[in-house]
Amino acid sequence: MVMLTRLLTITLACLLFLPAALRAERVIDIDITDAAIRKVNLAVPWFQDKNLAPGEIQQSGKKMADLLSRSLEFHGFIDVVPPWEFGEASREAEWARLNVSYYINGYYQMDGGQLTMEMRLVEVNSGRMILGKRYRDRVSRQGKMIRKFCDQVILKLSGLSGISASMITFVADSSGHKEIYMTDVLGDNIRQITKHRHMAISPRLSPDGNKLLYTSYHRGNPNLYLIDFKKSAKLTRAISRRPGVNYAPSWAPDGRSLVLTLSKDGNPDLYRLNLAGEVLARLTRNSGINVSASFSPDGKQLAYVSDRSGGPQIYIMNMASGHSRRLTYEGMENTTPSWSPDGKWIAYTCRAEGTYHIFKTLAAGRSRPQQLTMAWGSHESPTWSPDGRQIAFSRKRGENNQLCAMNADGSGQRVLFSMAGNLSAPQWSKRLNLY
């Protein structure tokens, strides 16, 4: 998401040109968000086709093992030993040499368009299978089966389910215009959602993953649109076409309402709407420009940005009383608040020493903010992974704008995936029921 100062310019331009658990039996006793931890070594041999002789490997079996390996490593506390580093005949004898704690054996069988997959997580020291699953479905759904098993492995090893079954929405200009895209966390299945050939911004996936809100300029006015994926990903409907901006929506946790910025009465203020676009409540009144709403996980509080004190700062509103308190005081420009899944932290963008960096602070407001990014470049629009262990953000270096991720303490920064064009405004979904 662009900085508030840029939103001010956009807003003025618009106004001028508009027509008037299952918990593991044994959990690794480590804090996996700690950058100093030793990673768990895990081996994933190439999957074996049951219709072939043992050791006879097909390309499909290699691809399955590769997807599972990349999904496991994405979580940050697992190192997967490459299959070519151990032999086929006596793998177990290699585990001690490679310091492998667990291995996963995968088997599959194709029958017409159907695929049966069996995956087993085994502890090396005891030889005990601590997790085993069998799936049968269409061949086209093999990726979803593997991601499902990955998340169950993460649950078994750490006590908290994995995030392979989550998605990231973002904005990219690969087509020549800023449009909305969606991808899995590995960037394997990137798809373009909007094709308006005009600027589309602020994508927000609903808590259940079935709907998408965004703002588009393709009708001239920055209107708010809704896509219901259960009906059709190709059909959109405008739910707010009020004069002025209809901008930066935030879903309520129950998915039944939203908060966005409207300037229909002159001043950009926060309003609560239902999914039919009807105004349920006006939340702010002429107290500066108010944008970038972000609900707390329990829906009882709302973080947002306002320049009522002179510069853009983050405030938190009690939804029951309507009272707001200022959260940020350090820095002249603090924007794009994002609430952690446990409700404890708020990550945000701060202009520090002439450039933009990602910070986090306690939502209760009793701590000094922590700076998470420090390398060169402009870092904006943080968004938390559904397990709270990672933060995705956009990073601009020179003319190159990419999506990156890091651990919640700022360690392990890396580019999420490669794609042509400039990428920005990531939004990480909740865990979705993809399989």
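Within every chain, residues take consecutive numbers counted from 1 along the sequence as written. Local features in this predicted model are restricted to residues of pLDDT 70 or higher, and side-chain atom pairs are both shown and tallied only at a pLDDT of 80 or more, whereas totals for entire chains, interfaces and linings draw on every residue. In computing side-chain properties, one takes all heavy atoms of the structure into account and sets aside hydrogens as well as water.

### Quick notes on the nonpolar core
And step 1. Definition used in this section: a nonpolar core is a set of buried Ala, Val, Leu, Ile, Met, Phe, Trp, Tyr and Cys residues joined via side-chain atoms within 4.5 Å. Each residue is assigned to one of three classes by its accessible area relative to the maximum for its type, calculated with a 1.4 Å probe on protein chains only: buried under 20%, partly exposed between the two thresholds, exposed over 50%. Among the nonpolar cores identified, the biggest contains 44 residues, and L42, F47, L68, L72, M117 and L121 are the most heavily contacted of them.
And step 2. When residues of this core are assigned to their parent elements, the largest contribution, seven residues, is made by helix α4 (residues 142–158).
And step 3. Other than its neighbours up to four places away in sequence, F47 contacts I57, G61, M64, A65, L68, G106, Y108, M117 and M119. Per the convention used, a helix needs a DSSP run of H or I reaching at least four residues, while a strand needs a run of E reaching at least two, with both numbered from the N terminus. Whether two residues touch is decided by their heavy atoms; if any such pair falls within 4.5 Å, the residues are in contact.

### Some words on the packing of aromatic side chains
And step 1. By convention, a stacked pair of Phe, Tyr or Trp rings (six-membered ring in the case of Trp) has centres within 6.5 Å and planes under 30 degrees apart, an edge-to-face pair has planes over 60 apart, and any other such pair is tilted. Enumeration according to the criterion identifies eight aromatic pairs in this entry.
And step 2. Where F74 meets W428, the ring centres are 6.2 Å apart and the plane angle is 65°; that geometry is what we call edge-to-face. Placement of F74 in the loop between α2 (59–73) and β3 (78–81) and of W428 in strand β30 (residues 423–428) is noted, with a sequence separation of 354 residues between them. In terms of burial, F74 and W428 fall into one category: buried.
And step 3. Put simply, the rings of F86, W95 and Y103 touch in pairs and so form one group of aromatic residues.
And step 4. By the criterion adopted, a ring carries a charge over it if an Arg CZ or a Lys NZ lies within 6 Å of its centre and within 35 degrees of its normal. One Lys or Arg, K62, reaches over the ring of W46 and ends 4.6 Å from the middle of that ring.
And step 5. If you follow R308 out to its NZ or CZ, it ends over the ring of Y315, 4.7 Å from the centre.

### What to know about the packing of α2 against α4
And step 1. Where helices are involved, their axes are fitted lines through C-alpha atoms of the stretch in contact, as for all axes, and angles between N-to-C directions lie from 0 to 180°. Direction vectors running N to C along α2 and α4 enclose 40°, while the axes themselves pass 9 Å from each other. Accordingly, the angle class assigned to the pair α2 and α4 is oblique. Where α2 crosses over α4, the two elements pack in a sense that is right-handed. Residues M64, L67, L68, S71 and L72 of α2 lie in contact with α4, whose contacting residues are Q142, G143, I146, R147, F149, C150, V153 and I154.
And step 2. Each residue is assigned to one class: nonpolar for Ala, Val, Leu, Ile, Met, Phe, Trp, Tyr, Cys and Pro, charged for Asp, Glu, Lys and Arg, and polar for all the others, Gly among them. Here the residues of the contact of α2 with α4 sort into nine nonpolar, three polar and one charged. When an angle is under 35 degrees it counts as roughly parallel; over 145 it counts as roughly antiparallel; between 65 and 115 it counts as roughly perpendicular; any other value is oblique. It is the rotation of the near helix from the far one that decides the hand of a crossing: anticlockwise by less than a right angle makes it left-handed, clockwise makes it right-handed.

### A look at unusual backbone geometry
And step 1. Positive phi, normally seen in glycine, also occurs at N99, with a value near 60°.
And step 2. Tracing the backbone through its elements, the reader meets N99 in the loop between α3 (91–98) and β4 (102–111).
And step 3. The phi dihedral of N286 is positive, around 55°, even though this residue is not glycine.
And step 4. Tracing the backbone shows N286 in the loop between β17 (279–282) and β18 (290–295).

### Regarding the layout of surface pockets
And step 1. Counted as a void, the second largest pocket has a volume near 580 Å³.
And step 2. As for the second largest pocket, its lining consists of 24 residues, and the residues nearest its centre are K144, M167, D184, N189 and L434.
And step 3. Elements represented by at least two residues in the lining of the second largest pocket include exactly α2, α4 and β8 (179–184).
And step 4. Looking at side-chain class alone, the lining of the second largest pocket contains nine nonpolar, seven polar and eight charged residues. Residues are said to line a cavity or pocket when one of their atoms sits within 4 Å of a point; the points come from a 1 Å grid over protein atoms alone, cavities being sets where a 1.4 Å probe fits but cannot get out and pockets being open sets with protein on both sides within 12 Å along at least five of seven lines. Grid points are joined across faces, edges and corners, and a volume is the space filled by probe spheres set on the points.

### A few points about the sheet that holds strand β29 (residues 414–415)
And step 1. For two strands to pair, DSSP has to find at least two bridges joining them. Strand order in the open sheet formed by four strands is β26-β27-β28-β29, and the pairing between neighbours is antiparallel. A strand with exactly one partner marks an edge of an open sheet, and here the two such strands are β26 (378–384) and β29.

### Things to note about the confidence of the model for the protein
And step 1. Scored from 0 to 100, pLDDT records how confident the predictor is in each individual residue. Of all residues in the protein, 91% attain a pLDDT of 70 or more, and the chain-wide mean is 90.
And step 2. Overall, residues 1–5 carries pLDDT values under 50, and its contacts beyond four positions in sequence, including any with other chains, amount to 26 contacts.
And step 3. Taken together, the stretch residues 7–30 has pLDDT below 50 and engages in 37 contacts with residues farther than four places along the chain or on a different chain.

### Focus on the environment of G388
And step 1. Note that G388 resides in the loop between β26 and β27 (390–397).
And step 2. G388 sits 43 residues away from W345 along the chain, and the two C-alpha atoms are 9.5 Å apart.
And step 3. Apart from the residues lying within four places of it in its own chain, the contact partners of G388 are P341 and A408.

### Re the pattern of salt bridges
Pairing is possible between side chains that carry opposite charge, provided their charged atoms lie close to one another.
And step 1. In what follows, salt bridge is the name for a side-chain nitrogen of Lys or Arg lying within 4 Å of a carboxyl oxygen of Asp or Glu. Enumeration according to the criterion identifies 15 salt bridges in this entry.
And step 2. Across the pair D188 and R70 runs a salt bridge, and its minimum N-O distance is 2.8 Å. Residue D188 is located in the loop between β8 and β9 (191–192), and its partner R70 is located in helix α2; the two are separated by 118 residues in the primary sequence.
And step 3. Its relative accessible area of 30% is what places R70 among the partly exposed residues.
And step 4. Ionic pairing is found between R282 and D269, a salt bridge with its closest N-O pair at 2.8 Å. Highlighted residues: R282 in strand β17 and D269 in strand β16 (residues 269–274), separated in sequence by 13 residues.
And step 5. Taking relative accessible area as the criterion, R282 reaches 22% and is therefore assigned partly exposed.
And step 6. When its relative accessible area of 0% is taken as the criterion, D269 is described as buried.

### Some words on the side chain of Q48
And step 1. Assignment of secondary structure puts Q48 in strand β2 (residues 48–49).
And step 2. Overall, the relative accessible area of 12% leaves Q48 in the buried class.
And step 3. Setting aside chain neighbours within four positions, we find Q48 in contact with A53, P54, G55, E56, I57, G106, Y107 and Y108.

### Looking at the sheet that holds strand β24 (residues 355–362)
And step 1. In space, the four strands of this open sheet follow the order β22-β23-β24-β25, with antiparallel pairing throughout. The open sheet is flanked by β22 (334–339) and β25 (370–371), the only strands paired with a single partner.

### Structural notes on the environment of I154
And step 1. Positionally, I154 belongs in helix α4.
And step 2. The exposure class of I154 is buried, given its relative accessible area of 0%.
And step 3. Expressed as a C-alpha distance, the spacing of I154 and A392, which sit 238 residues apart in the sequence, is 20 Å.
And step 4. Residues contacting I154, with those up to four places away along its chain left out, are L72, H75, F77, I78, G159, L160, S161, G162 and R389.

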